[in-house]
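What follows is each chain in one-letter form.
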Amino acid sequence: MKTVLITGATSGIGFELFKIFSNEKYYVIGIGRNKQRIKKTLNSINKNRENLQSFYLCNFEKLEDIKKVFNKISKEVNSIDILINNAGGIFVNNKLTKNNIERTFQVNYLSHFLLTEILLKNKILNSKAHILNVSSKVHGRGEINLDDINNLQNYNAVKSYAQSKVSQIMWGYCLLEKHKEIYINSVHPGIIGTRLLSNNGFISPILVFFHKIYGKNAKYGAKNVFEVLKHVLKNNINGKYFNERNEEKSSDYSYNKIIQEKLLQISKKLVKDNLE
Ligand SMILES: NC(=O)c1ccc[n+]([C@@H]2O[C@H](COP(=O)([O-])OP(=O)(O)OC[C@H]3O[C@@H](n4cnc5c(N)ncnc54)[C@H](OP(=O)(O)O)[C@@H]3O)[C@@H](O)[C@H]2O)c1
């Protein structure tokens, strides 16, 4: 039986993915940051399959949590076949985490970078493992602000979100070069009405309301991600970007190898203390 690890599995696309994988022949491990929502997710699983999941608490705003969650997961399983880097958010206000890193960059990208690096380093992601980064079409507006990665000057939520999403894709392309034995692809799940904008204080309900009116439902987004995964698994596809279920080129910017390498160096430096 294959093992899949899904981050951000307590809401929206991740929650639906957790259910889809739980109904298939997979052992499913979820990561969430909220105990109640973890409980709710586990309660939503078909009772016949309820011994085939586990869930771990981890806040991606804390780099220290990543190593801790890895230590727990690696006591439970010695190999993971599929990693879905899905947790994320859009943050209207600029906030630095305790690690002194802008929240969007850390939650959406850097914590996943760290988690994946630790899994690879410890060979828990086995050879031929598949990594799928849930990125976004918005990556097309993203550039890496190499001089001010935290976007402290003139913070703009869309710009920071786009930077985090293009970072996922560019790091994926880098990883491909360095780990020939694994597969890594990215997907835009569609415009999906979820709680993605729910971390924004008193205006959250309004933002979530309009996002839900405009977007399709979470099942639709999860099905897109699941179908892309089935396709890349079946056809051994590597290093591609999918817009919903269609393979497309990612932004021209994302293929820039010099910036990819600079992003890699910045990322390694930022996680250095938590990688050992
Ligand atoms: N919805 C869209 O239109 C859309 C479009 C393109 C790409 N995406 C991408 O799809 C992915 C899933 O988003 P979604 O739309 O399903 O949103 P969502 O419903 O808000 O789900 C996001 C998940 O990430 C978790 N998360 C957020 N901050 C976290 C943190 N600090 N530590 C750990 N977990 C954290 C959330 O936990 P809680 O349940 O505790 O909040 C939740 O489980 C994201 O990467 C997003 O960028 C979404």
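Structure: above.
Residues numbered from 1 in each chain as written. Predicted model: local features only at pLDDT ≥ 70, side-chain atom pairs only at ≥ 80, totals over all residues.

Q: Can you help me understand the overall build of the protein chain in this one?
A: Summing up its helical and strand segments, the protein chain has 8 helices and 8 strands in all. Relative to the compact-globule value of 19 Å for 276 residues, the protein chain shows a C-alpha radius of gyration of 17 Å, a close match. Taking the principal axes of the C-alpha coordinates as reference, the protein chain spans close to 50 × 45 × 35 Å. A fraction of 73% describes how many contacts in the protein chain between residues 6 or more apart in sequence connect residues 24 or more apart. (Helix = DSSP H or I, 4+ residues; strand = E, 2+ residues; numbered from the N terminus. Rg over C-alpha atoms; globule rule 2.2 N^0.38 Å. Contact = placed C-beta atoms within 7 Å.)

Q: Is there a simple way to think about the nonpolar core in this case?
A: Most often, soluble globular proteins have nonpolar side chains that are buried together. In terms of nonpolar packing, the biggest core is built from 69 residues, with Leu17, Leu83 and Val225 touching the most fellow members. In contact with Leu83, not counting residues within four places along its chain, are Leu5, Thr116, Leu119, Leu125, Ala129 and Ile131. (Core = buried A, V, L, I, M, F, W, Y, C linked by C-beta atoms within 7 Å. Buried ≥ 20, exposed ≤ 12 C-beta atoms within 10 Å, placed from the backbone.)

Q: Just to check I follow, could you spell out the site of the ligand for this structure?
A: Of all residues adjacent to the ligand, which total 30 residues, the nearest are Gly8, Gly12, Phe60, Gly88 and Thr194. Among the secondary structure elements, those contributing two or more residues to the shell around the ligand are helix 1 (12-22) and helix 4 (103-121). (Near = placed C-beta within 6 Å.)

Q: For this particular structure, what's the right way to read the environment of Val166?
A: Along the polypeptide, Val166 turns up in helix 5 (residues 157-178). Since 27 C-beta atoms lie within 10 Å of it, Val166 is described here as buried. Expressed as a C-alpha distance, the spacing of Val166 and Ser250, which sit 84 residues apart in the sequence, is 8.8 Å. Ignoring sequence-local partners within four residues, the contact set of Val166 consists of His139, Gly142, Glu143, Ile144, Ser251, Tyr253 and Ser254.

Q: Sorry if this is basic, but what is going on with the pairing of strand 1 (residues 2-7) here?
A: Regular strands show a simple pattern: their side chains alternate between the two faces of the sheet. Within strand 1, 5 of the 6 residues are buried, which leaves it mostly tucked inside the rest of the structure. Looking at chain direction, strand 1 and strand 2 (residues 26-32) are connected through 6 bridges and run parallel. From the neighbouring strand, Thr7 faces strand 2, where its bridge partner is Ile31. Between the parallel pair strand 1 and strand 2, the chain is carried across by helix 1, and the sense of this crossover is right-handed. One ladder, built from 3 bridges, connects strand 1 with strand 4 (residues 80-85); its direction is parallel. Bridge pairing links Val4 to Ile82 in strand 4. (Pairing = 2+ DSSP bridges. Right-handed = clockwise from strand over helix to strand, strands pointing away.)

Q: I'm lost on unusual backbone geometry in this one. Help?
A: Most of the time, phi is negative for any residue but glycine, and the peptide bond is trans. Positive phi, normally seen in glycine, also occurs at Asn100, with a value near 70°. Relative to the helices and strands, Asn100 is located in the loop between strand 4 and helix 4. Located in the positive-phi region is Lys128, a residue other than glycine, with phi close to 75°. Secondary-structure assignment places Lys128 in strand 5 (residues 125-134). The class of Lys128 is exposed, set by 11 C-beta atoms lying within 10 Å.

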